[in-house]
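One letter stands for each residue in the lines below.
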Amino acid sequence: MKQSTHRHIAILGSTGSIGTQALDVIRANPDHFTVEVLTAGSNADLLRAQALEFKPNAVVIGNEAKYAELKDVLFEEGIKVYCGADALCDVVEMEEIDIVLTALVGFAGLRPTMRAIEAGKHIALANKETLVVAGELVTAAAREKGVNIYPVDSEHSAIFQCLTGEFHNPVEKIYLTASGGPFRGKTKEEVYHARPEDALKHPNWEMGAKITIDSASMMNKGLEVIEAKWLFGLKSEQIDVIVHPQSIIHSIVQFQDGSMKAQMGLPDMKLPIQYALAYPQRLPSDFPRFDFRNFASLTFEQPDYEAFKNLSLAFEAMHRGGNAPCILNAANEIVVRAFLDKELPFGKMPEVIEDAMNSVAFIAKPTLEQYFETDEATRTYVRNKIKAAPEPAKP
Ligand code: NDP
Ligand code: MG
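Residues numbered from 1 in each chain as written. Chains lettered and ligands numbered in written order. Predicted model: local features only at pLDDT ≥ 70, side-chain atom pairs only at ≥ 80, totals over all residues. Heavy atoms only, no water.

J.: Any chance you could explain the overall build of the protein here in plain terms?
T.: Helix and strand content of the protein: 16 helices and 11 strands. Relative to its length of 395 residues, the protein is compact, with a C-alpha radius of gyration of 20 Å against a globular reference of 21 Å. If you line up the protein on its principal axes, its C-alpha atoms span 55 × 50 × 40 Å. Put simply, the protein has 395 residues, and 56% of those count as buried. Here the contacts in the protein between residues at least 6 apart in sequence split such that 69% fall between residues at least 24 apart. In the protein, the 40 positive side-chain charges and the 53 negative ones have mean positions that sit 1 Å from each other. (Helix = DSSP H or I, 4+ residues; strand = E, 2+ residues; numbered from the N terminus. Rg over C-alpha atoms; globule rule 2.2 N^0.38 Å. Buried < 20%, exposed > 50% of the residue type's maximum accessible area, 1.4 Å probe, protein only. Contact = heavy atoms within 4.5 Å. Lys, Arg positive; Asp, Glu negative; His and termini not counted. Charge placed at Lys NZ, Arg CZ, Asp CG, Glu CD.)

Right, here's the structure in full:
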């Protein structure tokens, strides 16, 4: 990245939770950041408002039916308007862009992230599913192109911050902290029929629906374990998960001398977003500060691998390697959608994911296209399973 402190940014998924918070950071730091590209899936109203405020070079709307709602009003402002999945991949190659913030949700982030890397753009990575699915290919492409991947996920940002100044010191182990979500302390039976409304109530973080369900089911932490393996080049036995309900310690690195470094702060995604966009600088901010008087104790527990089987499934997928994490991820995306649509009980999600992991063909060294085939095959398999043996959620 240029050592100049001014960065030209593309935000993929600017209308989401991470995207809107990234725009808050940019709005507060106009001397440091310029928005070049904004994209959304189908929220044309918000994308238009964002474009009129930040005046990017171009916008992309995924849903082609929404193109007409944007084009005239934005063309008049000199903003280019594109639509569709291919445009999302093409737009990241724009010369002006220094860094692409990948804040799309799910597998849809893989192709544009790969295209951005191939075009030599640095990545601020929120879209963890990309690394879960194809971490080996993505990190190899980044190395080859000399592209940096800056973590946005708060745990990985914490590890990255702890490693600053320590890059030549081997890591013994990392501890990813987990809040435990809204069902912490509950048994498998108690959560089996949990309702979407309850699963969507995260105690500490305001996030998009998919990651909020992943947090309630602990799949989010499972995905983060795999994300950490690729970001920091770790072996699976070097990654541990610890439940820390207050979400103040965002993660911990343990070095070979036994010393542990942790990064702390109030749970606020704007901080890791800003750190990723401005690295290596720490820009001043007015984010609320942690006050020790409000937290009498910080506590730690072991995760309950029995009640939250997804965490074990993610470790298992990581051990198997190859396309196993891709199968895990695709199956998870489908069961989360089915759970939100009340077509599948909460407790059934890990069973369906495990079934897919044992049924979809394993490939030890997949190509990029084979990841796409695996994703498609898994989605079809899981959709058919849910249709064939319906077990709707209790109202
Ligand atoms: P949201 O659901 O809030 O936002 C997703 C964004 O991606 C929206 O802009 C959405 O557009 C767009 N989008 C979704 N699907 C597509 C698609 N197929 N094609 C094009 N655009 C699409 O998600 P979050 O912001 O919560 O999460 C984004 C990523 O960041 C996820 O991978 C998540 O795991 C990760 N993350 C999020 C955190 C958080 O605090 N939210 C914390 C750590 C990681 P539209 O609005 O039009 O639907
Ligand atoms: Mg996280």
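J.: What's the story with the nonpolar core in this structure? I'm lost.
T.: Looking at soluble globular proteins, one finds that nonpolar side chains tend to be buried together. In this structure, V152, I174, L328 and F346 are the most contacted members of the largest nonpolar core, which totals 126 residues. In terms of residue count, the dominant contributor to this core is helix α14 (residues 324–340) (11 residues). In this structure V152 touches I18, L101, A124, L125, A126, S157, M269, P272, I273 and A276, once residues within four positions along its chain are discounted. (Core = buried A, V, L, I, M, F, W, Y, C linked by side-chain atoms within 4.5 Å.)

J.: Just to check I follow, could you spell out a negative patch on the surface for this structure?
T.: On the surface, a cluster of negative charge is contributed by E189, E190, D304 and E306. Within the secondary structure, E190 is located in helix α8 (residues 188–192). What makes E190 exposed here is its relative accessible area of 52%. (Patch = residues over 30% accessible without salt bridge, like charges linked within 9 Å, V, L, I, M, F, W, Y side chains within 5 Å. Areas by Shrake-Rupley, 256 points an atom, 1.4 Å probe, with all protein chains shown as cover. Salt bridge = Lys/Arg side-chain N within 4 Å of Asp/Glu carboxyl O.)

J.: For this particular structure, what's the right way to read helix α12 (residues 270–278)?
T.: Because each turn of an α-helix spans 3.6 residues, side chains separated by three or four positions end up pointing in the same direction. Among the nine residues that make up α12, seven are buried, leaving the element largely enclosed by the rest of the structure. All of the buried residues in α12 are P272, I273, Q274, Y275, A276, L277 and A278.

J.: Could you clarify how one ought to interpret the site of ligand 1 in this entry?
T.: Inspection of the region around ligand 1 gives 23 residues, with T15, G41, S42, N43 and E129 positioned closest. In this structure, an oxygen atom belonging to ligand 1 sits 2.6 Å away from a main-chain N or O atom of S42. One of the backbone N or O atoms of A126 is found 3.4 Å from an oxygen atom in ligand 1. Considering ligand 1 on its own, with 900 Å² of exposed area, one finds that the protein chains cover 82% of that surface. Contributions of two or more residues to the shell around ligand 1 are made by α1 (17–28) and α6 (128–145). Residues that form the shell around ligand 1 fall into these classes: 10 nonpolar, 10 polar and three charged. (Near = heavy atom within 4 Å. Polar contact = N/O pair within 3.5 Å; in protein donor to acceptor, adjacent residues only side chain to side chain. Nonpolar A, V, L, I, M, F, W, Y, C, P; charged D, E, K, R; others polar.)

J.: What am I meant to see in the coordination of the magnesium ion (ligand 2) here?
T.: Tetrahedral coordination by four donors sets the ideal angle at the metal to 109.5 degrees; octahedral coordination by six donors sets it to 90 or 180 degrees. Bound to the magnesium ion (ligand 2) are the protein donor atoms D153 (OD), E155 (OE) and E224 (OE), situated 2.1 to 2.2 Å from the metal. Here the donor residues of the magnesium ion (ligand 2) share one chain and are spaced in sequence as D-x1-E-x68-E. Each member of the pair, D153 as well as E155, is classed as buried. (Donors = N, O, S within 2.8 Å, 3.2 Å for Na, K, Ca; no water.)

J.: Please clarify how the environment of C89 should be interpreted in this entry.
T.: When you line up the elements, C89 lands in helix α4 (residues 85–91). Residue classification places C89 among the buried residues on the basis of a relative accessible area of 4%.

J.: Before we go on, may I ask you to explain the pairing of strand β5 (residues 99–102) in this structure?
T.: Walk down a regular strand and you will see the side chains alternate between the two sheet faces. Residues of β5 alternate between two faces, with I99 and L101 on one and V100 and T102 on the opposite face, all of them buried. Two strands pair when backbone bridges link them, and strand β1 (residues 7–12) and β5 are joined in this way by four bridges, in the parallel orientation. Bridge pairing in β5 links I9 to I99. The pairing of β5 with strand β6 (residues 122–125) spans four bridges and is classified as parallel. Its bridge partner lying in β6, T102 is registered against L125. In this view, the connection linking β5 to its parallel neighbour β6 by way of helix α5 (residues 110–118) has right-handed handedness. (Pairing = 2+ DSSP bridges. Right-handed = clockwise from strand over helix to strand, strands pointing away.)

J.: Explanation requested: the sheet that holds strand β9 (residues 239–243) in the structure shown.
T.: Sheet strands pair by backbone hydrogen bonding; their relative direction is either parallel or antiparallel. Taking strand neighbours across the sheet as the criterion, the four strands line up as β9-β8-β10-β11 in an open arrangement whose pairing is mixed. Only two strands of the sheet have a single partner each, and these edge strands are β9 and β11 (260–264). Strand-to-strand twist of the sheet, defined as the mean angle between neighbouring strand axes without regard to direction, takes the value 20 degrees. Strand direction decides the pairing type here: strand β8 (residues 171–178) and β9, joined by five bridges, are parallel. Note that in β9 the partner of I174 across the bridge is I239. (Axes fitted to C-alpha atoms, helices over the stretch in contact; angles between N-to-C directions.)

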